[in-house]
Amino acid sequence: MKKPASLLMTSLVTSFAATLLATPAFADDVVSAISVSGEATISAAPDLAQIDAGVANDAKSAKEASDANNAAMGKVLLALKGAGIDEKDYQTSRLSLQPQYGQNKSTGASPVVGFRASNRVTVKIRDVTKVAAIIDTLVGAGANDIGNISFEVTQASKLLDDAREKAVADARRKADIYAKATGVTLGAPLSVSEGGAPMPLFKGRMAAAPMAAGGAAVAPGEETLAVTVNVSWAIKQGQ
């Protein structure tokens, strides 16, 4: 049995009104926010040094070069051990044996005239006050290739805790400026995140160590570590 047109229209209007009442007010659910980044830095003296040291030997044959190089590196490793460096703190970083070429002017050829063997180790020094003495020990043991000296702060994350608090305060300062300029007030923080891994702005480094008789001159310097935080605050309309 078909419903009268008037009853059908009344049913449709009632259904539409119920739908409106059941629909959430999406505009009221939108949360406005001010999002800013805060930065802070902290300076600290390095407590770890790392050095690359090696020996290189030339000889007519590959075996002669290799044997001479093995003997030379053996003396270097013994010197490190004698200087109190733990075995876990030095590691071979490069080992090579390469032919050396000459020049035949009459034929233009480049014959093999000998071989060069080289061996490098990376050494960690956990007392930076001993860096110069360790370099002198390496040179005295026969190391003829020393460089890539770097320094770092091993407990950087713990040292940055104070900087993290300052970074949040810096973010709040900036947010207050934006809130005042736009006529709103800050509410509760909605999110806080650290912007990537804290990185050193400056890292003490010396490309090569001088091998003067008076001893190596080493300057550890100081590292400046930076941290960034991203903070969002809910905002309320100004009264």
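Details of the structure are given in the entry above.
Q: Quick question: what am I supposed to make of the environment of Val139 here?
A: Here Val139 is to be found in helix α4 (residues 131-140). Look at Val139 and you get partly exposed, because its relative accessible area is 29%. Along the chain, Val139 and Val76 lie 63 residues apart, while their C-alpha atoms are 8.5 Å from each other.

Q: I tried to follow the pattern of salt bridges on my own but got confused; where do I start?
A: Side chains that differ in charge, positive against negative, can pair when their charged atoms come close. As enumerated under the stated definition, the model contains 13 salt bridges in all. Ionic pairing is found between Asp58 and Arg116, a salt bridge with its closest N-O pair at 2.7 Å. Pair noted here: Asp58 is in strand β2 (residues 48-59) and Arg116 is in strand β4 (residues 112-125), with a separation of 58 residues, a long-range link. By relative accessible area, Arg116 is classed as partly exposed at 38%. Lys166 is the partner of Asp162 in a salt bridge, and the nearest nitrogen-oxygen pair spans 3.3 Å. Highlighted residues: Asp162 and Lys166, both in helix α6 (residues 161-182), separated by four residues, approximately one helical turn. The class of Asp162 is partly exposed, set by a relative accessible area of 38%.

Cut-offs and rules
- All residue numbers refer to positions counted from 1 along the written sequence of the respective chain.
- Only residues with pLDDT of 70 or above have their local features reported here, since the model is predicted, and side-chain atom pairs are shown and tallied only from 80 upward, although totals for entire chains, interfaces and linings are computed over all residues.
- To obtain the side-chain values, all non-hydrogen atoms of the structure were included, while hydrogens and water were left out.
- Segments assigned H or I by DSSP are reported as helices when at least four residues long, segments assigned E as strands when at least two residues long, and all are numbered from the N terminus.
- Each residue is placed in one exposure class: buried if its accessible area under a 1.4 Å probe, protein chains only, is under 20% of its type's maximum, exposed if it is over 50%, and partly exposed if it falls in between.
- For salt bridges, the criterion is a side-chain nitrogen of Lys or Arg within 4 Å of an Asp or Glu carboxyl oxygen.

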